[in-house]
Structures are given as C-alpha cells and as structure tokens.
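Here are the chains, one letter per residue:
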Amino acid sequence: MDKNNLSNTTSNELSLQEEKFHAAKKSTLISVIVNLLLSIWQIIIGVISHSQGLIADGIHTLSDLIADFVVLIANKKSHKKPDEDHPYGHFRYENGASLILGIILLIVGVGMVWSAIQKMLNPELIQEVHFIALVAALIALAAKEGLFRYMLRVANRVNSSMLVANAWHARSDAASSLVVAIGIIGSLCGFKIFDPIAALIVGTFVFRMGYKFTNQSMQDLMDKGADEETLQEIRNVLENIEDIKGFHDLKTRKSGDFYLVDVHLEVDGDMSIMMGHDIAVNVRDKLMENPQILNVMTHLNPYDEECTH
C-alpha cells in the first residue's frame, strides 16, 4: 500500500473520531442547558403548587447533569491521541462512561420502584397538588422527550454506545415526568393510587435499561468479541482477497465503539518477506475500509491444506 492510501485511511479514521467527538460535545452541552433550566423550573413550580412529586422530579433532573458531565469528561478523555501508555488510544473511556451511566439508571430505577411501593403501602403519603403542577409536569415531559429523541438521533448517526446510554438516561427522566403527570391527574380526579402504579411500571423499565447498559459495557471492558454480523463482514472481506490462501484465529475486541482485529493469514510459504509484508498491509487496508475497525494485527502462516478456517 502506498503512502497516499495510508494517508487516506488515517484521514477517514480521524474524520469519524472527530465527528463523534464534536457530536457528543454539542449534544451533551444542549442536554446540560435543558436539564438545568428544567430543574429550576420544576422546583420553583413545585414549591408554589405544593407538589412534592414535582420537586422530587426537579431534583431527579439534576441527576441528569451528573450523567452529562460524566459524558463530557469521558468524551474529552477518549479523544486524546495514543501515547506511550495507551498505544491504542483512550476510547475505552467511553465504555467506562457507559458503565457509570448504566449504574445511574439502575439506581434511579430502584429508587422509583422503592418509592412506588412505599406509596402503595401508605396512600396517605400521596399529596394532592394544584393544577399548575400538571402544566409544569407536561411541559417538562415534552422537553425531556424531545431531548431524548434528539440525543438518540445523534448517537445513532455517529454510532456511539456512550451517547445512546446517555440518551436513554434522558428518557428515564422523561418517564419520571410522566409518572408525576399521571400522579397529578390521578390526584385531581381522586385516584391517588395511579401515581405509585405508574411509578412501579416505569421504575421497572428504567431498571431494565440500566441493567442492559451496565451488562453491555462490562462485556466490552472484558474484551467481548464482535457480534456475528460484524464477524461475517470481516470474513467476507478476507475470503475475497486473492493473495491469501486462507485465514484462522480471527479475534476481535472493542475499544470504545471501535473494533480491534487479530487474524492469522495463510500464505505461500515460499514467497519473499517483502511479498508477505505487502499482502499483510493490503489485508489491513481492506479491513479498515470499515470505519468501525480501529486497528488490524496480522500474523503470517505457511499455507497448510489441512488447516481449518
């Protein structure tokens, strides 16, 4: 592979990383501003309307700020260039951030379920509120749902699991506002039990999402391999390269949202070192046309017809 091709490959990698970095920074800063304004709004209206639920939801919204700052820090750290101690870069900061966000979702889910159970056992804890609290809750719900959809769209566009986790954390806050709105409507209609029932359902949903993200990030940090679809894409590329006789010991692991690939290539044992080198570079170049592959490590083996691929 010539220097121009190598330069183009590197440029594509950097372009994708730059896009993810700026998308994460922009979407998270928007989330910080929205959550800060919403939390102040909810707490003030909650005090005025004597709604403990709205005040609690405002405090819950503040917890989103913690998640946002975790993402901002991880995004900045993961964007650092490779160094002597981290030759593959710092992308696993993203996996660590996803783990923290998953834990936050677990804690929020448990808290919502526990609060719901307590209210179901003690209905007198559910207070009646003024109508203005419902207006505030619905505005907060619309804003948080809009924020979730925006953040999830950005996350899917740049294929960032960390941003997906943060988007779903925003959805958990929207779910909290939904619980408050349902509780207020139920209180106004005389059905106070609506609040804890809805809280129990949503709390279970939030806990489930927290478990999903925590488990996924733990697996990634423990070098879980790529999914079968990604592996098959890699196999297809290798099988279509005429210079190699076969391959084996294909392994993958994640670093952030990127994959590191190791593979043994089977080549003619009589070829020169230079020819083998050129084949290995060509294989690496072909595989790294996939923007999700961060690096490829190859090992050359003399071709053996009895090798199983």
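Scroll up for the structure.
Residues numbered from 1 in each chain as written. Predicted model: local features only at pLDDT ≥ 70, side-chain atom pairs only at ≥ 80, totals over all residues. Heavy atoms only, no water.

Enquirer: Which residues make up the overall build of the protein, and what values go with them?
Expert: Across its full length, the protein holds eight helices and three strands. Sequence-ordered secondary structure for the protein, helices as α and strands as β, is α-α-α-α-α-α-α-β-β-α-β. A total of 309 residues make up the protein; the buried ones form 47% of that total. The contacts of the protein with a sequence gap of at least 6 include a subset with a gap of at least 24, amounting to 74%. Of the roughly 16300 Å² of accessible surface on the protein, a fraction of 61% belongs to carbon and sulfur atoms. (Helix = DSSP H or I, 4+ residues; strand = E, 2+ residues; numbered from the N terminus. Buried < 20%, exposed > 50% of the residue type's maximum accessible area, 1.4 Å probe, protein only. Contact = heavy atoms within 4.5 Å. Areas by Shrake-Rupley, 256 points an atom, 1.4 Å probe, with all protein chains shown as cover.)

Enquirer: Can you lay out the pattern of salt bridges for me, pointing to particular residues and giving the numbers?
Expert: All told, the structure shown has two salt bridges when counted by the stated rule. Glu145 is the partner of Arg149 in a salt bridge, and the nearest nitrogen-oxygen pair spans 3.1 Å. Pair noted here: Arg149 and Glu145 are both in helix α4 (residues 131-158), with a separation of four residues, about one helical turn. Ionic pairing is found between Arg235 and Glu228, a salt bridge with its closest N-O pair at 2.8 Å. Of the residues examined, Arg235 reaches a relative accessible area of 23% and is grouped as partly exposed. On the accessibility criterion, Glu228 (49% relative accessible area) is partly exposed. (Salt bridge = Lys/Arg side-chain N within 4 Å of Asp/Glu carboxyl O.)

Enquirer: Break down a nonpolar patch on the surface for me, with residues and values.
Expert: On the surface, Met120, Phe191, Ile193, Phe194, Ile197 and Ile201 cluster together to form a nonpolar patch covering roughly 550 Å² of accessible area. Per element, the largest residue contribution to the nonpolar patch is three residues, and it comes from helix α6 (residues 194-221). By the element assignment, Ile197 lies in helix α6. (Patch = residues over 30% accessible without salt bridge, like charges linked within 9 Å, V, L, I, M, F, W, Y side chains within 5 Å.)

Enquirer: Give a detailed account of the side chain of Thr214, specifying residues and quantitative values.
Expert: Secondary-structure assignment places Thr214 in helix α6. Take Thr214: its relative accessible area is 13%, and that puts it in the buried class. Here Thr214 is in contact with Leu99, Gly102, Ile103 and Leu106, once residues within four sequence places are set aside.

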